[in-house]
Amino acid sequence: MTDTADRLEAQGINAVVIRFAGDSGDGMQLTGDRFTSASALAGNDLVTLPEFPAEIRAPQGTLAGVSAFQVHISDHDIHTPGDEPDVLIAMNPAALMSELGRLKSGGTIILNTDAFDERNLEKCGYEADPRTNGTLDDYIVHEVPMTKLTLEAVTDLDVKKRDAERSKNFFALGLICWMYTRPLEPTLDWVAEKFAKNQTVVDANSLALKAGHAFGETTEMFADQFAIESAPQEAGTYTNITGNTATAWGMIAAGQQAKLPIFLGSYPITPASDILHELSRHKNFGVKTFQAEDEIAAVGSALGAAFGGALAYTTTSGPGVALKGETIGLATSMELPMVIIDVQRGGPSTGLPTKTEASDLFMALYGRHGESPTPVVAAYSPSNCFDMAIEASRIALKYRTPVILLTDGYLANGSEPWNLPDVSTLPDISVEFATEPNATDGAGNPTFEPFQRDDILARPWAVPGTPGLEHRIGGLEKADGSGNVSYDPENHGLMTDLRQAKIDGIADDIPLAEVDAVDGSKICLVGWGSTWGSIVATAERMRESGVPVDRVHITHLNPLPPNLGDILKSYEHVIVPELNKGQLVRILRAEYLVDAQSVNKVKGLPFTASEIVEAINTMTGVQA
Amino acid sequence: MTDVILDPTKRGYWTSDQDVRWCPGCGDYGILAAMQFLYAELAEDPETEVKSEDTVFVSGIGCAARFPYYMDTYGMHSIHGRSPAIATGLAIARPDLDIWVVGGDGDMLSIGGNHLIHALRRNVNLKILLFNNQIYGLTKGQYSPTSEVGKVTKSTPMGSIDAPFNPLGVAIGAGATFVARTHDLDRKHMMATFKAAHAHKGASIIEIYQNCNVFNDGAFDAITKRDARAEMMIDLVDGEPIIFGAEEQRGIMLDGGQAKIVEIADVGRDALAVHDAANPNPAIAFAIAQLANDRQSPTPFGVLRQVEGPEYSEAVNSQLLAANEQQGPGDLAKLLHSGATWDVA
């Protein structure tokens, strides 16, 4: 046996895409998450793509039960979870069958060979053992008896075989940590804290992790060990953040910056529930979370809380937004602030609950009856969810309107390193409640008219408990100014125009669209939401190959930035990649009469950069 | 006028400047008057501390739901069926407020049935007025979830085939802590019942037999008309045997889980049930509620059930206080740094 001390010098690489795949019960999300965390602490840039089935536990060993976690780590700035994995860890035959097609040609496969028995092969439909029939000839394959080695590692513990086997994901993690020179300490610390209530589990997982690491180091199976230097990052303190956590923290921050108590009315729904979970843990911020009886009650309770002067939210996904439409319309009519957060998923109907899609844009913009203009904003990366939660709240409070914030399943569960903001630099989004009468009645007495407007057409927010401002509001059309019920045709026209003008006016209060421009570009990529990473990577790749490409990313979808039309009109090709059948593209065509073209993907997955590059090549005739 | 508007002990103080737009002769007028008189009365009592600015009426959609426009308090006329949910959010955000929810049988029991039962089982501090006229009035006369089987309406030309809800049975089944019935012809009884609900901590529901003189006129005449009352209205008095009838000749007996109407002459006074609204066993109140299953039988009025239970918004607040104690006051910078962090120089 070669002496390990001098056998290896870790080989420096710039980036790697690793995909962990196994059965739903194999703990692949946790394994991926821990590897990500260790890599984040090592200073790498990273982007993750968790993918899991909607079923909590699909039948063991089947294709339906495969759960995967892809992470792209690098020593430079990256924006996507990687087009093709370089390394696939497959914990069973189903994982291999399901994921092999994604793997880069010539990539590395690490198999838990103990799971490759006849029964498991049969369960996923392998007629012959892929390890021996040539299926894997184009790859570098490492067969590791992970289950057996894990059991051996924990023999000294008083733990049942069945339970001991469950630590095999930590064995895999230990091995990958060895391959990519990640320290084990952060994971060991995490295990000790996470499973503190059960020392046996702490011991079993720790031993399995160390055993995996030792296996890499002592066997000759692995010729190479790799090192990925830390990525140059701006100075600061970083944490690894998912979109849902960032959204929840953004809501808390908005409450602090608005100096208002937060109310969240929510009903559990994938992939938004984690926002409710996270907020529920922070009641010490004065956060009130209410798990309502249904989606309608969730938004209704938020509206009630808004009437009472809270900064009110409801969090949901597409099916929930469909149910909330009537209440969002009431908030539009009563002109009360509220933020509706839609973590989009595949639709229509139940669709693909755990997969990403960006097909709710039209619903966000138009999904209510009547003329009911509603501001819509969208986050573009996991950490940006924090900023957009504050921005949505700012607009809602200032303009007394419901605002829809769109994120999606990819942002919600994906993570990235986040340079933590200095909280003293966060914007002040506080507004004043009305405290004084603003009109006089026929007899000359001071009175309060709830639909008098200020210079931005916002009406006063007078909360119950304020003497002298007692008033009634509702969904019936209200007379301009007094707010009394009015069926007058002229007044309805006027109020419709005023509501529209108020929302349109927000255009003057949002950032201008910024072009990421290079010399000589005739192509502009326009994106919104989570396609940002893929589009940035696309632009970079095309520029590297000599094709100048500009890009604009839109965070404010209603109203749109006032300079957007002029920007788009200056290009020969306006190309709009979207994870839907072409929604923003239709809006751009309608608003600006530009010949914008659509690139679509509706497969429950984010774009790879290559898919967009290829589409651009086809559309424009350029060859990148 | 000004003195009436400035004096909270006068009905006029609680009356908004909006013209009331219910049909002439509608039972809703009587209910509105009872509420306005009640608040004038409550304002005289320094202990209740009612203030118009702290009082909110939230309603859904329907004739009854116009109610908030006519009270000079805060108010919201919201969405069909959703008022219990909206009011729940308001009550959680603002436990200091005095909140009433107003709706009809369609609003509360049909489209809003789900919200109603959840508001009741959570015991949110809301006073829910269920105006039961057994018909859809605002949409001009379709049968409602409390209409009797066989009812002929525009949508049931051959008669309704739906079994109706017993509203108070629903409420008791949902775990309501205050359940009562009154009717639109008796202002004093309404005021007393509303007042008891006002004093109750937690969710209260009051079914009000309300006449729709346009689409379902006289639905409750057999019970609530002055000359019918003695024989048809069973007045529930806490701690007293349940007795009714012009000659006080009849009563209620509990028999095998059923509430039965009996002749005192047959069973003797001692056999009668003694009304105990605070009885922890909801089955008794439920059994009494079943006596209201048709329009021709003697029907109980008053408070059927009133028990103590933890109030929801208080429980929410106590968790906030506990979190504050355990975790310390929220510190945003600390929160952002609460995960694993690393520094880049």
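It should be emphasised that the depicted structure is a prediction, and the values quoted were computed from it without experimental measurement. (Residues numbered from 1 in each chain as written. Chains lettered and ligands numbered in written order. Predicted model: local features only at pLDDT ≥ 70, side-chain atom pairs only at ≥ 80, totals over all residues. Heavy atoms only, no water.)

1. A few points about the sheet that holds strand β24 (residues 573–578) of chain A
All names here are of chain A. Reading across from one edge, β20-β22-β21-β24-β25 is the order of the 5 strands in this open sheet, with mixed pairing throughout. Since the sheet does not close on itself, it has two edges, and those belong to β20 (515–516) and β25 (597–600), each with one partner. When strand β21 (residues 523–528) meets β24, the two strands line up parallel, connected through 3 bridges. If you follow Ile-523 over to β24, its bridge partner there is His-573. Packed on one face of the sheet, helix α18 (residues 532–544) meets β20, β21, β22 (549–554) and β24 and runs near 170° to β22. Each of β21, β24 and β25 touches helix α21 (residues 609–620); the most contacted strand, β24, lies at about 145° to it. (Pairing = 2+ DSSP bridges. Helix = DSSP H or I, 4+ residues; strand = E, 2+ residues; numbered from the N terminus. Contact = heavy atoms within 4.5 Å. Axes fitted to C-alpha atoms, helices over the stretch in contact; angles between N-to-C directions.)

2. Structural notes on the domain arrangement of chain A
Residue and element names in this part refer to chain A. Along its sequence, chain A is carved into domain 1 (4–226), domain 2 (239–425), domain 3 (432–509) and domain 4 (515–620). Look at where the C-alpha atoms of domain 2 and domain 4 centre, and you get two points 26 Å apart. Counting each side, the surface lost to burial between domain 2 and domain 4 is near 2000 Å², with a carbon and sulfur contribution of 68%. Per-residue buried area on domain 2 facing domain 4 is highest for Leu-361, Phe-362 and Tyr-380; these three make up 30% of the total on that side. Here domain 2 is connected to domain 4 by 0 salt bridges. Applying the counting rule to domain 2 against domain 4 returns 12 residue pairs in polar contact (both at pLDDT 80 or more). At the level of elements, α14 (361–366), β14 (376–378), α15 (384–399), β15 (402–408) and α16 (409–413) are the ones that each hand at least two residues to the side of domain 2 that touches domain 4. If one sorts the elements of the side of domain 2 that touches domain 4 by residue count, α14 sits on top with 4 residues. For the side of domain 2 that touches domain 4, the per-class residue count stands at 17 nonpolar, 5 polar and 5 charged. (Domains from an automatic or database assignment. Buried area = accessible area lost by both parts, 1.4 Å probe. Salt bridge = Lys/Arg side-chain N within 4 Å of Asp/Glu carboxyl O. Polar contact = N/O pair within 3.5 Å; in protein donor to acceptor, adjacent residues only side chain to side chain. Nonpolar A, V, L, I, M, F, W, Y, C, P; charged D, E, K, R; others polar.)

3. Considerations on unusual backbone geometry
All names here are of chain A. Looking along the chain, the bond that leaves Thr-270 and enters Pro-271 is cis, with omega of 0°. Within the element layout of this structure, Pro-271 appears in the loop between β10 (262–266) and α11 (273–280). Residues other than glycine seldom take positive phi values, yet Arg-400 does so here, at roughly 50°. Along the chain, Arg-400 turns up in the loop between α15 and β15. Here the phi dihedral of Leu-593 falls at roughly 50°; this positive angle occurs in a residue that is not glycine. Its location among the elements puts Leu-593 in the loop between α20 (584–592) and β25.

4. Some details on the interface of chain A and chain B
Across the contact, 68 residues belong to chain A and 59 residues belong to chain B. Carbon and sulfur atoms make up 63% of the surface buried where chain A meets chain B, a total of about 5200 Å² over both sides. Looking at the side of chain A facing chain B, the largest losses of area belong to Asn-284, Lys-288 and Arg-472 of chain A, adding up to 15% of the total buried there. Taken together, the connections running from chain A to chain B amount to 2 salt bridges. Arg-472 of chain A serves as the salt-bridge partner of Asp-72 of chain B, at 3.1 Å between the closest nitrogen and oxygen. Connecting chain A to chain B are 30 residue pairs in polar contact (both at pLDDT 80 or more). Looking at the side of chain A that touches chain B element by element, the count peaks at 8 residues for helix α12 (residues 295–307) of chain A. Looking at the side of chain A that touches chain B, its residues break down into 37 nonpolar, 22 polar and 9 charged.

5. Some remarks on the sheet that holds β14 of chain A
Pairing between sheet strands relies on hydrogen bonds along the backbone, with the strands arranged either parallel or antiparallel. Residues and elements named next belong to chain A. Pairing within the open sheet is mixed, and its 7 strands lie in the order β11-β10-β12-β13-β15-β14-β23. Two strands close off the open sheet at either side, each with one partner strand: β11 (287–291) and β23 (556–558). Neighbour-to-neighbour, the strand axes of this sheet turn through a mean angle of 20°, independent of strand direction. Of the pairings in the sheet, the one linking strand β13 (residues 338–344) to β15 comprises 7 bridges and is parallel in character. Each bridged residue has a counterpart across the sheet, and for Asp-342 the counterpart in β15 is Leu-406. On top of the sheet, α11 reaches β10, β11, β12 (311–316) and β13; it is set at about 135° to β11, its chief contact.

6. A closer look at the confidence of the model for chain B
When the pLDDT values of chain B are averaged, the result is 96; 99% of them are 70 or greater. The ipTM, which scores confidence in the relative placement of chains, is 0.97 for this predicted complex, and the corresponding pTM is 0.95. (pLDDT = per-residue confidence, 0-100.)

7. Let's talk about the confidence of the model for chain A
Within chain A, residue pLDDT values average 95, and 99% of them lie at 70 or more. The low-confidence segment residues 1–7 of chain A (pLDDT under 50) makes 13 contacts with residues lying over four places distant or belonging to another chain.

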